[in-house]
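Architecture at a glance
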Amino acid sequence: MNNRVPENEEKDVFRGVSRRDFVRYLVAGSALSITALNRMNAAVYQSITSLNQKYIEDESPDGVYWEALSKHFMFQDGFIMMNNGTVGPMPKPVFNTLLKAFKVQATNPYDVYSFIPRKRSEVRAKVAAFLGTSEDNIVLTRNTTEGMNFSANGLDLKEGDEILLSDMEHPGGTHPWNLKRARYGITIKTVPLGLPSKSVEQVVGAFEKAITPKTKAISISQTVFISGLIAPIKELCEMAHKKGVLVIADSAHGIGMLDMNLETMGVDLFATSPYKWLGAPCGVGVFYVKKELQDKLWPTIASSGWDREGTAARFETLGQRADPLIIALGEAIDFQNRIGKHRIEKRIKTMAGYLKRELGRIPGIKLHTPMDPYLSGGLTAFSVEGVDPRKMVDYVREKYNIVIRTIGNPQRGTYGVRVSTHIFVSMKHIDMFLEGVGHLARRKV
Ligand SMILES: Cc1ncc(COP(=O)(O)O)c(C=O)c1O
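Analysis parameters
Residues numbered from 1 in each chain as written. Predicted model: local features only at pLDDT ≥ 70, side-chain atom pairs only at ≥ 80, totals over all residues. Pairing = 2+ DSSP bridges. Helix = DSSP H or I, 4+ residues; strand = E, 2+ residues; numbered from the N terminus. Axes fitted to C-alpha atoms, helices over the stretch in contact; angles between N-to-C directions. Expected span 1.5 Å × (residues − 1). Buried ≥ 20, exposed ≤ 12 C-beta atoms within 10 Å, placed from the backbone. Parallel < 35°, antiparallel > 145°, perpendicular 65-115°, else oblique. Left-handed = near helix turned anticlockwise from the far one by under 90°. Contact = placed C-beta atoms within 7 Å. Nonpolar A, V, L, I, M, F, W, Y, C, P; charged D, E, K, R; others polar. Core = buried A, V, L, I, M, F, W, Y, C linked by C-beta atoms within 7 Å. Domains from an automatic or database assignment.

**Focus: the sheet that holds strand β6 (residues 246-250)**
- Spatially, the 7 strands line up as an open sheet ordered β2-β8-β7-β6-β5-β3-β4, and their pairing is mixed. Taken across any chain shown, the strands that pair with only one partner, and hence form the sheet edges, are β2 (138-141) and β4 (187-191). Neighbour-to-neighbour, the strand axes of the sheet open up by a mean angle of 20°, direction not taken into account.
- Strand direction decides the pairing type here: strand β7 (residues 269-272) and strand β8 (residues 285-289), joined by 4 bridges, are antiparallel. Each residue of the ladder has a partner; that of F270, found in β8, is Y288.

If you want it as structure tokens, here you go:
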């Protein structure tokens, strides 16, 4: 089976439309009226409510509930998305809401500057409630990289001050500190996480050992992109705060994958990208600034309001915004809330657990992700002895139309593939993937 869309066909989407397509779009245009889009969203939510009434959470580890839910995504036929890490899909209601908001810009730009920006505070409140904090602590950014830059750039640090990073940070979490080092002479120390990390104690202990009187902050991925580790941020905060050290979490994949409460977690600064697992469009991010830090962290971008004290809004004075993206973020929260974030995390971890257990039966597998569900989530990374990870990516795409990705670095022994198990993936898809890996492991290509 090969359902892969030829590359030139994908590119055609952006090259323009034929006359026949143009007529088709004109006709379909009426279906894109705001009322029609609202109706479509209401139907999706009605369907999820009915499913929730029919299947209580503990009754639906697999099967009908999730199968029905997956229909609210818009994948091409046969396309199986098992790489949420980079960019995930928008469910239908989010896409509809995005269209609605952009339609306003096309038809009535006045509303874009006079009415739509007011919706931002509604979305901020939704995001805050979703993450278990107050809206005063939430900054709507463009992505995780921006939040990590706001963190590194905004802290007053001088030559000789130390920052601890893990040895598996994403460039978006490393380079803000490299820039800081180049400009101010700070010291960056790297702490090994292990592949896989073994326990909460091992991770926290490694950072504790590295702390010196000069250490000002730990900057660590909560969702480690190379290994799939979910770092124990709460325990790291408990340890670090006793020593007067801040904790900055890069949770690029966290929102929409994990059922989180930032206040319980105790983190100081936290950046996340809702277009990976939450279903928001690309170009909108979330940054959290703990109350106590809001007047200590310098804003990186300044326009009117940067000097207002006592609110994270001072980090969000970025001129005219792409508000449709922000409004769609609010819809993405509504969509997940309708299902329940606890239920979502449970489903994601159930599938990842199954995948890891079954991979363990294949000879030559090295799992890079911990088995412990507290230390792992929807990202599973592994390598197979004698099998080139690029071959694995190509093989499962060609044979099953499953999208995964290579990850890590051969020189550092972290090279392998990474697989995401979000709620639109089924156990059947995982079995297909396992069949493919088993085949390659036996042939060693
Ligand atoms: C752990 C981690 N941090 C940061 C980023 C960068 O995210 P963004 O491009 O949304 O800024 C990624 C991207 O995948 C990531 O995996």
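**Quick look at helix α13 (residues 323-339)**
- Between its first and last C-alpha, α13 extends 25 Å over 17 residues, near the 24 Å set by a 1.5 Å rise per residue.
- In terms of residue burial, α13 counts as a mostly covered element, since 14 of its 17 residues are buried.
- Looking at the residues trailing α13, positive phi occurs at G340, about 110°.

**With respect to the packing of helix α5 (residues 92-107) against α13**
- Two numbers describe how α5 lies on α13: the axes approach to 8 Å, and their chain directions differ by 155°. Classified by the angle between their axes, α5 and α13 sit roughly antiparallel to one another. Along this stretch, α5 crosses α13, giving a crossing that reads as right-handed. Between α5 and α13, the contacting residues are P93, V94, T97, L98, A101, F102 and Q105 on the first element and D323, P324, I327, A328, E331, A332 and F335 on the second.
- Counted by class, the contact of α5 with α13 contains 10 nonpolar, 2 polar and 2 charged residues.

**A word on the nonpolar core**
- Within the largest apolar cluster, 109 residues are counted, with the highest numbers of intra-cluster contacts made by I218, L236, V247, V267, Y288, A328 and L329.
- Among the elements that make up this core, the one with the highest residue count is α13 (9 residues).
- Among the domains, domain 1 (116-334) and domain 2 (343-443) are the pair contributing at least three residues each to this core.
- Ignoring anything within four residues of it in the chain, the contact list for A328 reads V94, T97, L98, A101, A280 and P281.

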